Structures are given as C-alpha cells and as structure tokens.
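Tertiary structure, described
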Amino acid sequence: MDLALTESQEMLRTAARTFMEREAPVDVVVGLQKAESSLEPGLWRKAAKLGWLGILIPTEYGGSGDRLSDAAVLYEELGRGPLPGPFFSSGVLGALTVLEGATEDQRRRLLPGIASGERVLTVAITEPNASWGPAGITLAPQGKNGGYTLNGTKLFVSDATSATDLVVAVRTGEGTNDVSLLHVDARAPGVTTRRLPGFLSWQCEVSFDNVEVERAALLGEAQRGWAALAKALERAVPLLCAYIVGGCQAVYEKSVVYTQTRVQFGVPIGRFQRVQDHVVRLVNHLDSARWTTWEALWKLDTGRPATASVHMAKAVASEAYLEACNAAHEVHAGMGVLIEYGLAAHTQMSRTLFHFLGDPRWHKRRMADALEW
Amino acid sequence: MDFEVTYTEEQQRFRREVRAWLEANVPASVQRIPLSPEDNYQRYLELRALGRTLGAKGWLYATAPAKYGGGGLDVDHAIILEEEVDRFDLSLPPYYDSGGRLGSASILVWGTEEQRQALLPSIYKGEVRTWQLLTEPGAGSDLAGVRMTTAVRDGDDYVINGQKIFVGSDNGTDRIWMIVNTDPKGKRHENLSWFMIDANLPGITVRPMELMGTGGEGGTDSGVKQTVFFDDVRVPAFALVGGENKGWKVATTHLELEHGGGGRIGRNRVWDRLLRYCQETKRDGVPLSQQQDIRDSLADIYIKTEVQRLFGVRNFWLTYARKPKSYEGPQLSYYRKTTGLWMTGAILEAVGPAALTTDTIWGSAGGFLETQQRNGIVSVHPGGTTDIQRVQMARRIGIGRSTREAAGTVHGGDA
Ligand SMILES: Cc1cc2nc3c(=O)[nH]c(=O)nc-3n(C[C@H](O)[C@H](O)[C@H](O)COP(=O)(O)OP(=O)(O)OC[C@H]3O[C@@H](n4cnc5c(N)ncnc54)[C@H](O)[C@@H]3O)c2cc1C
C-alpha cells in the first residue's frame, strides 16, 4: 500500500498550484463570478498550452492520455479557486462522452479541438425535471429529410454559454434507455443559451427552436447514447469530486488561517472550543470526500469494479462541500459573507455541484443497487 | 395551560376593525418585488407612508406606552395586529427599523424622562427610521471590545470619530442608534456609551458592502449592509443615553431583545411558501408534495419550523406576561439560526437546483427559495453568532460559572 502521490503527480500539483496562485487568485475568481460566460479567454489559452484540456484525451486525438488520478491532481487544484470555466464540462465530461459515444471519424473530428481549447463542448443531459437518469430525458427530435429537428429545452446545463459545441441527449425510443446523442453547433440558428440567474454557478438554459441537424450529427449509433453516457459519467464523476475536494481543502485552509489571525475577546478565535468544533467538522467532511474520491479513482485506473465507489464518492463529496462551506461560514461570521473575501464563491459552487451529475440521494440509491443489497 | 389565544367580544371587534382598516389602507403595490433600485426606493417610501398612518393610530408600536406616542395596547391586541399585518406579508414596522425597535426599548429602560419624551414619539409614530450601529472591524462578537469609534466630550457636545461595518440597509436612514467608546483607557464594560443621533449630520459617510445576502431581520430584509464612517461628527450631549461609560448595561437590554428575548408570533413565511411551491410544482406529472422523498423532507422541515414557532410564542408570552426569563431568548435565536442553515440543505435536496435560481420561468415565485438559500447562511451572524447564543444559554442555565447570569432587562417606563 502506498497512498502518496507519484513524483510526476507531485510535479503536476506544484505546476497547477503555481498557475492558480499567479493567474487566478481570489480577486480574479471573485471578479469572474458575474460574467455570463465562465470562460476567460486568457486563462483558457494558458491552460490549453499547459495541456490541461486534453489531459484525458488519448495521444492519437491530440491529448496526453493521462490516467484519471493524474487528472484528479489537476482538478483538485482548479477546485481550490474555485476556478470557473468549462474545464470539467469540456475537458472531462465532454471529452469522455465523445470518446465513449462517437464513431472513430467523429472522435478524430472533435477531440483534437477539445484538447487544443478551440472547441468547447458541453453535454446537455438534464431537463426541467432535473433528473440525472435516462428516464428524465424527454426531449425528442423529429426526423426530417434524413436529419433531425429539435424543439425544446435542456436545463441546468453547465457552461453552455461558453460552448461552441453541444452534445444533446435526446429520446429516440420507448424503452427507458432509448436515448441518442446529437452533436449540435452551439451557435446554430435556433439555439439559445442563457446563464440562469441566482445562487448557482454557470448552470444554463439551452433552448432549441426548430434547430435542424444532419443525420451525421448523431454521435455513434442511435439508442446507444445512454450506455455511452453512463460510461463517461462513471469516469467523469470522480474528477468532479476531485474538484470538490480541492474546494473543501481551500475552504479548510482559509478557515484555519482565519482562526489564527482573527482576534476577539483578546485572543485568536481558534482558542474557542466552539470555533475549533466548526473546523473539526469541516476537516472531517474534507477527508471523507478526499478518501472516497481517491479510492474510486484508484479502482477505475486499475480496472477494478468501481461503480459503487463512484456513487459513494459523489454522495459524500456533494454533502461534504455544502457542509464544509457551512462550517466555514460559522468560523468567519461577517467576513465570510463579504463577497470580496472569496468564501461565497465556494458556497455558491458547493450548492451548484450538490446537484450537478446527481445529488446525494440519487447516488446513494445507485450505490445500494451497485452493491446488490 | 392554554395555547389558544381566545378573544373577547371586544378583541374580535378590534380584529374586524384592523382588518377593514388594513384592507382599505395597505396599498396592494407594497407587496410587489421591486424591479429596480428606483422601484425599491419608491416601494420603501410607500411603506414609510404606511408606517406613518399606522403610527398615527398607535398600531406601529402597539404595546409601547401611549404617553410617548405608542399604542398602549395589551398583548392580545398586539397579537391581533401582528396576525392581521402578517396576512399582507408585512411585519411591524413594515420596513427595516432595527434601531427603532431596539433603541426605543433601550431608551424606555435607560433614558431620562426628557429623552423619552424627545426621542420616542417620532419612532413610535413612524416619523423616523433608525439603524443600529454596533459592529466594528475589530469588534463583532466581542461587542465590549468597541474601540475604533469614539466620542469625546467637547462643551455641550460630543465629537464622534470612527467606523462601523455590516450595518444599516438600503434607502438611507433618519437616525442612528450606536455604541461608542468614551474612555479608551477605561476598563472593559466601563468605557462604552450609547447615542441616538441624527443620521444627516455633517461628517457621516455611508458606503455599501457587497454581501452574499443580508438576512431577514425582524421579518424585513435590509436589502444591503453598509460601512459607516464618522469624521468629527458633532452631536449634542443630550443624545447620550444611559450615561457616559454606562453603556454596557444598556447593551444588555438591547442584546436581550435582539437575541430573541421578545419572542415572535406569526406564520413562518418561508414554510408557507415552500409548501405552496411543492403543491403547485409538478415533476413528471406529480406535485412535489405528493412524492414520498419530498414529503419526508417537508415533514422534517415542518417539525423544525413548528418548534421554532413554539419557542417564539413562549418568549412572547414570557415577555408580555412579565415572567422571569433565563436562556429562552438566546435559545430562540440559536434554534432559528441553526434551523435556517440546515434548511438550506434540506430544501436544496427536496426541490433540486430550481431552489437556486431567481429565473422567472424556472425559479420559485419572486425567487423566494433562492433568497432562503443565501439568507439561511447569512442569518447565522447578525445579532450574535450561533456560538455566542450557546455561550449565553450556558451562562444563563448556570453551567461553567459559579453565578448564574440573568437575562437583560426589557421593561421600563410605565407600560
Ligand atoms: C447580514 C448581516 C447583518 C448585520 N447587521 C448588523 C447591524 O445591523 N448592526 C450591527 O451593528 N451589526 C450587524 N451585523 C454584524 C454582526 O452583528 C456580526 O457579524 C456578528 O456579531 C459577528 O461578529 P463578526 O462578524 O465580527 O465575527 P467574529 O466575532 O469575529 O466571530 C468569528 C467566529 O468566532 C466565534 N467567536 C467569537 N467569540 C467567541 C466566543 N467568545 N466563544 C465562542 N466563539 C466565539 C464566532 O462565533 C465566529 O465563529 C450584521 C452582520 C451580517 C452578516
């Protein structure tokens, strides 16, 4: 047993942390919060140059083909910001969906652009029913001239306002899993994307108004969309969890520093056992998320059955980030709700990711199923 | 024991009178959700006008002594008023007036007769609104540590300098109720003083703070919080309430009320709207309230809001029946704060991401769920954190110290 990072993972961590400190300190992250698009072109170009957008994409398609656990090191660092941008949406979920679902031709056409950052591809799964299962997919295209016409809405689609490409999960048959994936140009006539306002981070509405796509837009085979998505999700979810772990870690470090520097009643507030309790609660959540996530990553990277672990990791991480932020708010009191301080960006992200790719209840049920109880 | 408030013939007549009056005098427009800062200000002016008409009838501060311009009504009449105003989703006062509520109560206990006569009627009649200014960058929970804002005696005046943070609301204020340091070298608890001052004096500057939310104190959302700077602000010595360096005893009254000692009656608006939302919103053709998971969550939420309501009713009764109190004030605060924070997660899990958006199509009516998501977190801090409430409770229960601490005095003058 060896639970340490490898040497190359340590190097990646250092590089990513240096990048974050230089390019995305608190004021930058806070400054980006209100933007309609999560993509900041300067940051995006630099990240592309570092090879981060193609980290999971095999070398033959222009990426570096790293393992999930390598990518997780990077995503933890991004989560510390929390750095906005379609890094996960395009570089992880988008790339893995294309890898799992597309034909060889389509992979060759799409993946190099995702790796270089020229294409930003986000996957549109959920609808107003906010369900992450195949049954929730009701948007059904009409067949027309050998192609498809789309009318309807996808909701809570992450980073859609910065996307150039969409992969849209659509219903093409009666069976629950009869779902297909369509590749749609995000700027095609009839496609509108809009960031939803409120206490959520770059979750968008995507509307389709008589959007016509050719037959070639079908990603892979008809009716095989859910199978592909399920595979992609199983590998993507732990990376979202890694991003969450990074978020929890940052919130923890901020809180520890604050307990040491904030003085009330003549002493640093860390001297109060009540404050210590908040930090203890926080670190317990952080570590729960960290170790469930990393075990799931290890199982996936070593080809072990990982489904139950993946569901457990997301159930734990979703709750951990929310609770970690709550604890951090208790520690910081007034300072924590001041937008410029930066904790609120995590809090908003923790609420957003609570549900994104499935909330704890959803994952607990699937975990129980996977364990065949 | 009787939980039901029973009404005499006369009280029922009073309810009919109040209801008819409110229906005739509360403009429907005040219930709108403002669309712009200008609209927000317009709405505020309408609420202030309503406050003045209520004040003229003695219904703004119903139980305040009539001889200082209050309603002079008993608790049963006050309950009726609160309930009737609540039907319009309003509270009394119908706008943010924290310094009015807490300042007037403190002045009633600790002010001189001249001060009561001079300062209270305009509050009770709704002619002024008042912010409370306690917190400083270095003094939050440690209110006795107020040091940055000072007042120095100069002839018949005091001169105030310093800074307060996390205070006030949108749309400005007429008066300020504030605690300052009047003896920088003095001992802790013996160096503070309270002032009720005019907010429009030269040297006062107000700058908005961008916060994640502003809480919903006293049923009215302050909208925004401010940093207030004092630069050689000259105030008459008459504005000093409770005596120079005697501010700590005044603070105990102020804090007792702020910490929930006064209690609260009335509906839980978040619960009411949440239930309605879940009954009216369908997912996969079935109302949310009919889905078993969501029913389970709603049941948990309902139980907590009921316990909170009962703590509020108990404190209300203890206050107005003039019964002794110990830990009950901070207990209500603690329960309200921890429940609000817990509810952010419970609602998010029950309703899903629609709870997070203010979108007019996909969010809840007026974005009330999204507001709860933010305010449930933010409300943990104003008026003392959950930790401070627990410190208070423990002291008053009498654990950890040889003497049991008494609750602050909240009655004064001739009620
Ligand atoms: C939305 C909002 C509205 C507000 N409105 C007003 C207002 O109108 N007027 C006003 O004057 N102020 C207002 N405040 C300020 C509020 O009263 C303070 O934020 C609050 O008292 C906490 O102080 P602090 O933020 O400085 O936190 P700190 O006191 O620095 O607390 C930091 C942490 O230390 C803990 N702590 C501190 N002392 C102890 C102790 N002795 N034992 C155990 N734990 C301890 C706290 O619980 C917290 O976890 C408002 C704040 C907010 C967020």
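Residues numbered from 1 in each chain as written. Chains lettered and ligands numbered in written order. Predicted model: local features only at pLDDT ≥ 70, side-chain atom pairs only at ≥ 80, totals over all residues. Heavy atoms only, no water.

**Focus on the overall build of chain A**
This is how the line gets drawn: Here a strand is any run of E in DSSP of at least two residues, a helix any run of H or I of at least four, and the numbering for each starts at the N terminus. Think of it in three bands: residues with accessible area under 20% of the maximum for their type are buried, residues over 50% are exposed, and the middle band is partly exposed, with areas taken using a 1.4 Å probe on protein chains only. Throughout, a contact is declared for two residues whenever any of their heavy atoms are within 4.5 Å. Values of accessible area rely on a 1.4 Å probe in the Shrake-Rupley scheme; residue burial ignores everything except the protein chains shown.
A count of helices and strands for chain A gives twelve helices and ten strands. In chain A, which comprises 373 residues, the proportion classed as buried is 62%. A separation of at least 24 residues holds for 74% of the contacts in chain A among residues at least 6 apart in sequence. Summed over its atoms, the accessible surface of chain A is roughly 14,400 Å², and 52% of this surface lies on carbon and sulfur atoms.

**Regarding helix H10 (residues 368-378) of chain B**
Counting buried residues in H10 of chain B gives nine out of eleven residues, a clear majority hidden from the surface. Restricting attention to buried positions, one finds in H10 of chain B the residues Phe368, Leu369, Glu370, Gln372, Gln373, Asn375, Gly376, Ile377 and Val378 of chain B. On its buried side, H10 of chain B packs onto helix H9 (307-332), helix H10 (334-337) and helix H11 (343-355) of chain A together with helix H7 (269-280) and helix H9 (328-351) of chain B.

**Describing the domain arrangement of chain B**
To keep things clear, this is the line we draw: By convention here, the domain bounds are inherited from an automatic or database domain assignment.
Segmentation of chain B into domains returns domain 1 (9-94), domain 2 (130-245) and domain 3 (262-397). Distance from the C-alpha centre of domain 1 of chain B to the C-alpha centre of domain 2 of chain B: 28 Å.

**A short note on the packing of aromatic side chains**
Given two aromatic rings, their pairing is described by the distance between the two centres and the angle made by the two planes. All names here are of chain A. As a reminder, the rule being used: Stacked, tilted and edge-to-face are the three classes applied to pairs of Phe, Tyr and Trp rings, where Trp contributes its six-membered ring and a pair requires centres within 6.5 Å; stacked means planes under 30 degrees apart, edge-to-face means over 60, and tilted covers the rest. Each ring is checked for a lysine NZ or an arginine CZ that lies within 6 Å of its centre and within 35 degrees of its normal; such an atom marks a charge sitting over the ring.
The tally for this structure, following the rule as stated, stands at 16 aromatic pairs over all chains. Centroid distance tyrosine 75 to phenylalanine 88: 6.4 Å. Interplanar angle 85°. Geometry classified as edge-to-face. Of this pair, tyrosine 75 sits in helix H4 (residues 68-79) while phenylalanine 88 sits in helix H5 (residues 87-101), and the two are 13 residues apart along the sequence. The same class applies to tyrosine 75 and to phenylalanine 88, which are both buried. Here a set of aromatic residues connected by ring pairs shows up, and it is made of Tyr75, Phe88, Trp132 and Phe356. Its guanidinium or amino end placed over the ring of tyrosine 341, lysine 254 lies 4.6 Å from that ring's centre, counting from NZ or CZ.

**Digging into the sheet that holds strand S8 (residues 218-219) of chain A**
All names here are of chain A. To keep things clear, this is the line we draw: A strand pair is defined by DSSP finding two or more bridges across the two strands. Angular values range over 0 to 180 degrees, each being the angle between N-to-C directions of two axes fitted as lines to C-alpha atoms, with helices fitted over their stretch in contact.
With mixed pairing, the four strands of this open sheet are ordered in space as S1-S4-S5-S8. The sheet terminates laterally at strand S1 (121-124) and S8, the two strands that pair on one side only. Those strands touched by H5 are S1, strand S4 (165-171), strand S5 (179-185) and S8, and its axis lies near 70° from that of S1. Strand contacts of helix H7 (residues 225-261): S1, S4 and S5, with the helix running at about 80° to S5, the strand carrying the most contacts.

**A short note on the site of the ligand**
Here is the rule: By convention in these notes, a residue is near a molecule or strand provided one of its non-hydrogen atoms lies within 4 Å of it. Counted as a polar contact is a pair of N or O atoms within 3.5 Å, where, for protein atoms, one must be capable of donating a hydrogen and the other of accepting one, and residues adjacent in sequence contribute only when both atoms are in side chains. Here the nonpolar group is Ala, Val, Leu, Ile, Met, Phe, Trp, Tyr, Cys and Pro; Asp, Glu, Lys and Arg are the charged ones; every other residue, Gly included, is treated as polar.
Around the ligand, a shell composed of 31 residues is seen, among which Arg262 and Glu330 of chain A together with Thr135, Ser141 and Thr385 of chain B lie nearest. Lysine 225 of chain B is positioned with one of its side-chain polar atoms (N or O) 3.1 Å from an oxygen atom of the ligand. Taking 980 Å² as the accessible area of the ligand by itself, protein coverage stands at 95%. Elements with a minimum of two residues in the shell around the ligand: H9 and H10 of chain A together with strand S1 (130-133), strand S3 (157-167) and helix H11 (386-397) of chain B. Looking at the shell around the ligand, the element that brings in the most residues is H11 of chain B, giving three residues. Of the residues belonging to the shell around the ligand, the class tally is 16 nonpolar, ten polar and five charged.

**So, the sheet that holds strand S2 (residues 142-144) of chain A**
Residues and elements named next belong to chain A. What the four strands build is an open sheet, ordered S2-S3-S7-S6; its pairing is antiparallel. Looking at the sheet topology across the chains shown, the edges are occupied by S2 and strand S6 (191-195). Direction aside, the axes of adjacent strands within the sheet are offset by 15° on average. Where S2 meets strand S3 (residues 147-158), three bridges bridge the pair, whose relative direction is antiparallel. Counted as the bridge partner of lysine 144 is glycine 147 from S3.

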